[in-house]
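One letter stands for each residue in the lines below.
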Amino acid sequence: MKQKVWHKYAIVYLIVAALILLTINLIVRPIYRKDNLNKHKQRLYKECVIIADEYLEEYKLSEFTLQAFMLQMKAVRTMLDADVWIVGAEGQMIAATGNTTLTKESLNLNEKAPGLLESLYMQDVYVEGLTSSMSLCAVEPVQEGIHKKGYIVMVESMEKAAEEVDAFFRRLDLVAGVGLLLLLLVFFLFAVYHTNNLMQINKTLIAYTDGNFRAEPEIIGRDEYRAVANSAHMLAEQHANLVEYQKNFVANISHDFRSPLTSIKGYAEAMKDGTIPYEIQGKYLNIILFETERLSNLTNDLLDLSNFENKGVRLIYERFDIIKMLKQSSATFEGKCSQKNMKIRLVFPENEFFVYADKGKIQQVVHNLVDNAIKFSHPDSTVTIVVAEKKDKALISVKDTGIGIPKESIGKIWERFYKTDLSRGKDKRGTGLGLSITKQIIAAHNENIKVISTEGAGTEFVFSLQRADS
């Protein structure tokens with residue numbers, strides 16, 4: 001993985017470097033050369049105009065001499081590094097500041113450089129005897145009224161402008177080289193940064209696959225890599241919790257199935273081999289039926305939870321009278337209440353109270369809550385069921401005065417197989433799944449259920465339902 005990342009960064013760097021150098025030399029250089037040449041043209045022409053005006057003014061004076069004027073032009077040549085030619089109206093050379101090998105009688109610019117005197121500028125001009133290399137020329141005619149007296153020509157070697165361009169681009173290439181070195185350093189640091197973070201995440205994921213869910217990647221920075229690492233760590237923690245849950249699930253299932261099966265097998269074998277006489281077998285057959293009911297309840301609860309997880313809690317909403325349903329559900333516990341000499345007290349605000357929910361699922365919730373309340377209540381006590389109205393909600397409360405729930409167990413009662421009586425002595429019938437199922441049913445209705453309990457004083461469960469219009 002490291003080689004691939006470095007390879008990609010190297011390719012990107014080479015592409016960027018090549019684009020920078022190509023841009024400088026193929027695009028910027030021609031543009032700069034053209035602009036620089038235009039500046040030289042404009043400077044030469046400007047000086048040419050000034051000299052032409054000065055020449056005309058001095059030419060009108062009686063004391064004007066060509067030799068004196070050329071002495072001034074030689075000073076200009078030294079200052080501007082450009083020659084000055086004085087040309088007659090017919091194109092014949094009159095004077096020049098540079099070293100010439102031809103006499104003015106034998107040199108005519110119209111012949112040696114056709115078109116020069118008719119142009120403002122001309123580049124790549126070569127006149128044997130006047131220029132030693134290709135030159136740039138600026139031309140300004142000297143006129144007195146409508147009469148043309150001659151021409152002033154400023155001449156500069158083309159090499160001068162080219163040398164300026166070369167010097168500028170040598171400096172620019174140097175700056176670009178330093179910039180590319182800095183860019184290389186930046187690419188290197190980025191490659192190290194990304195590679196290190198990717199390697200850390202990969203190393204941590206490998207650790208997770210080996211079962212080390214506590215491993216955490218050492219991520220540099222607090223960007224998306226940190227977010228990915230945190231998400232991976234959260235996923236690992238959830239997986240670790242799932243693994244732990246699966247272990248507990250198997251342990252709980254094994255315990256809840258083994259105990260009744262052991263009893264059923266033991267009593268059945270005892271009756272078969274005659275250890276238990278025929279006369280008292282009825283007692284033990286009742287125990288077998290009791291244990292069989294436990295297994296049936298556990299199986300049904302497991303199937304409910306499995307369906308809830310795989311398909312979700314499927315609800316069939318209908319409008320029904322919650323008071324009528326609570327009365328019917330309470331009546332089914334008459335036998336259990338008689339065994340403990342208990343009572344169920346119903347408190348309703350009115351004779352009818354309609355809600356909108358899945359009637360069958362709510363019956364299951366009420367059954368679980370009332371069954372728990374009776375199971376953990378003391379003999380000769382009362383379970384109170386209250387229906388109250390709060391805005392557009394119906395609040396249903398199931399309250400007992402039994403053993404209560406320890407404070408440290410309040411948050412765990414919704415977990416599957418969790419029982420506050422770890423010895424399972426007081427809850428032989430319970431599967432530890434009822435409250436988990438209850439929680440899922442209420443949540444599927446987008447309602448809430450809460451518990452209020454004091455150890456030794458009792459427990460109250462309260463859940464809400466949507467009221468239905470009358």
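One can find the structure itself at the top, above this paragraph.
Residues numbered from 1 in each chain as written. Predicted model: local features only at pLDDT ≥ 70, side-chain atom pairs only at ≥ 80, totals over all residues. Heavy atoms only, no water.

Pairs can form between side chains of opposite charge once their charged atoms are near each other. This structure, assessed with the given rule, holds 9 salt bridges. A salt bridge links Arg 43 to Glu 156; its shortest N-O distance comes to 2.4 Å. On the criterion of sequence distance, the pair formed by Arg 43 in helix α1 (residues 2-59) and Glu 156 in strand β5 (residues 147-157) is long-range, its members being 113 residues apart. You can call Glu 156 buried: its relative accessible area is 1%. Among the ionic pairs, Arg 77 bridges to Asp 83, the shortest N-O distance being 2.2 Å. You can call Arg 77 partly exposed: its relative accessible area is 33%. According to the relative accessible area criterion, Asp 83 is buried, its value standing at 14%. One connected set of salt bridges, linked through shared partners, spans Arg 43, Glu 156 and Lys 160. (Salt bridge = Lys/Arg side-chain N within 4 Å of Asp/Glu carboxyl O. Helix = DSSP H or I, 4+ residues; strand = E, 2+ residues; numbered from the N terminus. Buried < 20%, exposed > 50% of the residue type's maximum accessible area, 1.4 Å probe, protein only.)

With that settled, consider unusual backbone geometry. Positive phi, normally seen in glycine, also occurs at Asn 341, with a value near 55°. By the secondary structure assignment, Asn 341 is in the loop between α8 (334-339) and β7 (343-347). According to the relative accessible area criterion, Asn 341 is exposed, its value standing at 52%. A positive phi angle, close to 55°, is found at Lys 391, a residue other than glycine. Mapped onto the elements, Lys 391 comes out in the loop between β9 (382-390) and β10 (393-399).

With 15 residues, helix α2 (residues 66-80) extends 20 Å from end C-alpha to end C-alpha; this agrees with the ideal 21 Å at 1.5 Å per step. Within the sequence span of α2, burial applies to Phe 69, Met 70, Met 73, Val 76 and Leu 80. Here the buried residues of α2 occupy an arc of 105° about the axis, which is enough to place them on one side. Counted as exposed and oriented over 90 degrees from the buried face of α2: Gln 67, Leu 71, Thr 78 and Met 79. Two residues or fewer past α2, Asp 81 is found with a positive phi of approximately 55°. (Expected span 1.5 Å × (residues − 1). Arc of directions from axis to C-beta.)

Reading across the sheet, the 5 strands line up as β2-β1-β5-β4-β3 and stay open at both edges, with antiparallel pairing between neighbours. The sheet is open, and its two edges are formed by β2 (93-96) and β3 (121-125), each paired on a single side. Strand-to-strand twist of the sheet, defined as the mean angle between neighbouring strand axes without regard to direction, takes the value 25°. Relative to β5, strand β4 (residues 135-144) runs antiparallel, the two sharing 10 bridges. What sits directly across from Glu 144, in β5, is His 147. Against the sheet, α2 touches β1 (83-88), β2 and β5, its axis set at about 145° to β1. Packing against the sheet, helix α4 (residues 158-209) makes contact with β3, β4 and β5, and its axis sits at approximately 40° to β5. (Pairing = 2+ DSSP bridges. Axes fitted to C-alpha atoms, helices over the stretch in contact; angles between N-to-C directions. Contact = heavy atoms within 4.5 Å.)

Another point: the side chain of His 445. Note that His 445 resides in the loop between α10 (434-444) and β11 (449-454). In this structure His 445 comes out as buried when scored by relative accessible area, which is 6%. Only 3.1 Å separates the side chain of His 445 from the backbone nitrogen of Asp 358, close enough to count as a polar contact. Side-chain polar atoms of His 445 contact the backbone oxygen of Ile 441, separated by 2.9 Å. The residues contacting His 445, other than those within four sequence positions of it, are Leu 315, Tyr 317, Ala 357, Asp 358, Lys 361 and Ile 362. (Polar contact = N/O pair within 3.5 Å; in protein donor to acceptor, adjacent residues only side chain to side chain.)

Counting residues in each nonpolar core, the largest one holds 38 residues, and the members touching the most others are Ile 322, Leu 326, Ile 362, Leu 369, Ile 396, Phe 463 and Leu 465. For this core, the secondary-structure elements that each account for two or more residues are α7 (322-331), β8 (354-358), α9 (359-375), β9, β10, α10, β11 and β12 (458-466). Element by element, the count of residues in this core is highest for α9, at 7 residues. Those residues within four positions of Ile 362 in sequence are excluded, and the remaining contacts are Phe 320, Ile 322, Met 325, Ala 357, Ile 442, His 445, Phe 463 and Leu 465. (Core = buried A, V, L, I, M, F, W, Y, C linked by side-chain atoms within 4.5 Å.)

Taken together, the side chains of Leu 22, Leu 26, Ile 27, Val 28 and Ile 31 present a nonpolar region at the surface, about 460 Å² in accessible area. Secondary-structure assignment places Leu 22 in helix α1. (Patch = residues over 30% accessible without salt bridge, like charges linked within 9 Å, V, L, I, M, F, W, Y side chains within 5 Å. Areas by Shrake-Rupley, 256 points an atom, 1.4 Å probe, with all protein chains shown as cover.)

With that settled, consider the packing of aromatic side chains. Considering all chains together, one arrives at 7 aromatic pairs under this definition. Aromatic pair Tyr 13 and Phe 187: ring centres 5.7 Å apart, planes at 65°, arrangement edge-to-face. Placement of the pair is Tyr 13 in helix α1 and Phe 187 in helix α4, with a sequence separation of 174 residues. As far as the burial class goes, Tyr 13 and Phe 187 line up, both buried. With centroids separated by 5.2 Å and ring planes inclined at 20°, the aromatic side chains of Tyr 317 and Tyr 356 adopt a geometry described as stacked. Pair noted here: Tyr 317 is in strand β6 (residues 317-321) and Tyr 356 is in strand β8, with a separation of 39 residues, a long-range link. Residue class for Tyr 317 comes out partly exposed when judged on its relative accessible area of 36%. One aromatic cluster is present, built from ring pairs that chain together Tyr 32, Phe 168 and Phe 169. It is Arg 319 that lies over the ring of Phe 354; its NZ or CZ is 3.9 Å from the centre. (Phe/Tyr/Trp six-rings, centres within 6.5 Å; stacked < 30°, edge-to-face > 60°. Lys NZ or Arg CZ within 6 Å of the ring centre and 35° of its normal.)

A few words on the packing of α7 against α9. Running from N to C, α7 and α9 point in directions that differ by 50°, and their axes come no closer than 10 Å. Classified by the angle their axes make, α7 and α9 are oblique. Along this stretch, α7 crosses α9, giving a crossing that reads as right-handed. Where α7 abuts α9, its residues Ile 322, Met 325, Leu 326, Gln 328 and Ser 329 lie against Lys 359, Ile 362, Gln 363 and Val 366. Taken together, the residues that form the contact of α7 with α9 break down as 5 nonpolar, 3 polar and 1 charged. (Parallel < 35°, antiparallel > 145°, perpendicular 65-115°, else oblique. Left-handed = near helix turned anticlockwise from the far one by under 90°. Nonpolar A, V, L, I, M, F, W, Y, C, P; charged D, E, K, R; others polar.)

Everything listed here is a matter of coordinates, which is why it stays silent on function.
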